[in-house]
Amino acid sequence: MMTSRRQMQGAGVLTVIALLLFALLIGTFVLTMGKDYMQYWTVRSIVIDVAKTPGAAERTPHQIWNEIERRFTINSIYDNVERENFTFEEDGGGRYMLLSYEVRRPFFGNLDLVANFNRRETLAP
């Protein structure tokens, strides 16, 4: 049984171009936002470690920030996260440290990528 030549053809030129453009889009996204996500994981780790330090709930916000800032310097965290991004709250269950910040990066033309990072940690007694 013979099959027609048309049935044996692979992907067309338009399909290949579309796949290349899609791969380029994904690659650009990773290069644009990858550093910010990696930085968030480092910041997250620092926040968790500082919150779990024994006696953290009794420390002042200034003392906690000094410890976080020291660790940021050691880990070369210089962008996006500032003292203003940290807040503290109390309720009957304990004292909490909240981190909230936004990163905005240009993507294509007038399109921006925006990432919101939030973390809430209970301060250790």
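The model shown is predicted, which means the values in this text are computed figures rather than measured ones.

Conventions adopted
Residues numbered from 1 in each chain as written. Predicted model: local features only at pLDDT ≥ 70, side-chain atom pairs only at ≥ 80, totals over all residues. Heavy atoms only, no water. Helix = DSSP H or I, 4+ residues; strand = E, 2+ residues; numbered from the N terminus. Buried < 20%, exposed > 50% of the residue type's maximum accessible area, 1.4 Å probe, protein only. Pairing = 2+ DSSP bridges. Core = buried A, V, L, I, M, F, W, Y, C linked by side-chain atoms within 4.5 Å. Contact = heavy atoms within 4.5 Å.

This paragraph deals with unusual backbone geometry. Located in the positive-phi region is S76, a residue other than glycine, with phi close to 55°. Note that S76 resides in the loop between α2 (61–74) and β1 (86–91). Non-glycine residue N80 carries a positive phi angle of around 75°. Tracing the backbone shows N80 in the loop between α2 and β1. Residue class for N80 comes out partly exposed when judged on its relative accessible area of 25%.

Take the pairing of β1 next. Direction of pairing for β1 relative to strand β2 (residues 94–108): antiparallel, over a ladder of 6 bridges. Bridged to F88 within β2 is M97. Joining the antiparallel neighbours β1 and β2 is a turn of 2 residues.

Take the nonpolar core next. Side chains of nonpolar character tend, in soluble globular proteins, to be buried together. If you look at the biggest cluster of nonpolar residues, it comprises 25 residues, and the most contacted ones within it are V43, I68, F72, F86, M97 and Y101. Contributions of two or more residues to this core are made by α1 (13–52), α2, β2 and β3 (111–122). Tallying contributions element by element places α1 first for this core, with 7 residues. When neighbours within four sequence positions are excluded, V43 is seen to be in contact with F72, I77, V81, L99 and Y101.

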